[in-house]
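Residues per chain are reported as follows:
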Amino acid sequence: MADNDPVNDLALLLTPEGRALLDEVRDTDPAQELAVATRLRREHPAELVSAALGQARLRQRAAVKFGAEDAGRMFFTPNGVEQSTRASVAAYRARRMADLGITSVADLCCGIGGDAIALARAGIRVLAVDRDPQTAAAARANADALGLTGLVEVREADVTDVDTAGFDAVFVDPARRGGRGRIFDPEAYSPPLSWAVSAARRAPRAALKIAPGIPHEAVPEDAEAEWISDGGDVKEAVLWFGTEPGAVRATLLPGPRTLLSRGLPDPGVRPPGRYLYEPDGAVIRAHLVAEVADRVGGGLLDATIAYVTADALHPTPYATAYEITDHLPFNVKKLKALLRERRVGTLTVKKRGSAVEPEELRRKVKPQGPHAATVFLTRVAGAPAMLIGHPVRA
Ligand SMILES: C[S@@+](CC[C@H](N)C(=O)[O-])C[C@H]1O[C@@H](n2cnc3c(N)ncnc32)[C@H](O)[C@@H]1O
């Protein structure tokens, strides 16, 4: 069931009949949707029924980002769910802004309001701007549904026409998905990154959300760059203006735990030790592997690969530690024999700097038995190698 006119759909859903129907269909199993729709159409207009079922589906999808409770009260568009910031990350950024003493933010490109909601919940007054009518309408409905209208003003406008004078900070989260999927060139963002940077420089402080793959050379000299991961998955990079120009940090959620660059030189390569440390993705993106190596007294297995090796165990939140039991040149037959001898039935394959496909390897070695192991396919001082071990229990 496609939503034909989402702006109109949202208006229908905000009527008392629409709200009641939304409550009724909230837990509809997608497999039962057709039967439910047929039944409901006997008592309600067909377009309202399909709008309510479509919205229920979007809310179910949004629960991963916003939690079931908030998502169950909010209003979404298909793109709005995809593009919104997950609540944990938005809350962290909003808290950092509040801690900087920021009390008002112009949220330029607010989408359905993921960030605006978090900012308002941190006590910050927000002007939330989006040029897309259905998206702006959803943001307005969300501020209302969550009791935040006193702090959030939603404006349907092009951000390039908005005067941000008087705000303590601007926040820009440009659209990074075009008609043909994700956009990698920051100048192809809407609005382009260069526009966002000039808007940032006009404000006392600013935060620009960008793709985590941004090359470090593209970070403006007057910006601080922060990479954020949540539960080990890298979510975004943020360019901060008006904080610490030139600073680079990796922040891990939940926590938050922040690792700051001290400008350490690259760690040297050394032979494999008893422990292997796999840095968090935000640490790797922020080029802070040297900080982890320094903390654990280790070095690199290979100059170009982000695996740290050390003789001692130094638990750190910034990397997962593995105890290594075997280290040998890459060889499928040897791996198979070794796993059989150890009766390993559950094999986790990790790789960096290897072209081997984990699934194909698993098929070839046919793990069987009651034990579990992790194999790292990587290079040791340039040569293809495999290191076998298991995660160190915290
Ligand atoms: C990545 S989304 C924002 C998501 C939002 N931060 C959230 O958490 O829900 C980007 C939004 O920018 C809007 N947008 C793109 N270019 C714009 C422009 N020039 N003026 C206003 N809005 C724009 C799009 O309509 C889209 O909703």
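Residues numbered from 1 in each chain as written. Predicted model: local features only at pLDDT ≥ 70, side-chain atom pairs only at ≥ 80, totals over all residues. Heavy atoms only, no water.

(A) Spotlight on the state of the cysteines. For the structure on display, the rule yields zero disulfides. Between Cys-110, a free cysteine, and Cys-109, which holds the nearest cysteine sulfur, the sulfur-to-sulfur gap is 8.1 Å. Take Cys-110: its relative accessible area is 6%, and that puts it in the buried class. (Disulfide = S-S within 2.5 Å. Buried < 20%, exposed > 50% of the residue type's maximum accessible area, 1.4 Å probe, protein only.)

(B) Representation of the site of the ligand within the structure. Around the ligand sit 22 residues, and of these Thr-85, Asp-115, Asp-130, Asp-173 and Ser-190 come closest. With respect to the ligand, the side chain of Asp-115 contributes an N or O atom lying 2.7 Å from a nitrogen atom. Side-chain polar atom of Asp-158 to a nitrogen atom of the ligand: 3.2 Å apart, as the coordinates give it. Relative to its unbound accessible area of 610 Å², the ligand is 93% covered by the protein chains. (Near = heavy atom within 4 Å. Polar contact = N/O pair within 3.5 Å; in protein donor to acceptor, adjacent residues only side chain to side chain. Areas by Shrake-Rupley, 256 points an atom, 1.4 Å probe, with all protein chains shown as cover.)

(C) Layout of the domain arrangement of the chain. Domain annotation for the chain reports domain 1 (6-73), domain 2 (81-258) and domain 3 (275-391). One C-alpha centre belongs to domain 1, the other to domain 3; they are set 46 Å apart. (Domains from an automatic or database assignment.)

(D) Region of the structure containing unusual backbone geometry. Omega for the peptide link from Leu-253 to Pro-254 comes to -10°, which places this bond in the cis form. Checked against the element boundaries, Pro-254 lands in the loop between β10 (248-253) and β11 (257-260). Of the consecutive residues Gly-255 and Pro-256, the connecting peptide bond is found in the cis state with omega at -10°. Even without being glycine, Lys-366 reaches a positive phi, approximately 40°. Tracing the sequence through the fold places Lys-366 in the loop between α13 (358-365) and β17 (371-380). In this structure Lys-366 comes out as exposed when scored by relative accessible area, which is 55%. The residue Ala-381 is not glycine, and still its phi comes out positive at about 45°. In this structure Ala-381 comes out as exposed when scored by relative accessible area, which is 62%. (Helix = DSSP H or I, 4+ residues; strand = E, 2+ residues; numbered from the N terminus.)

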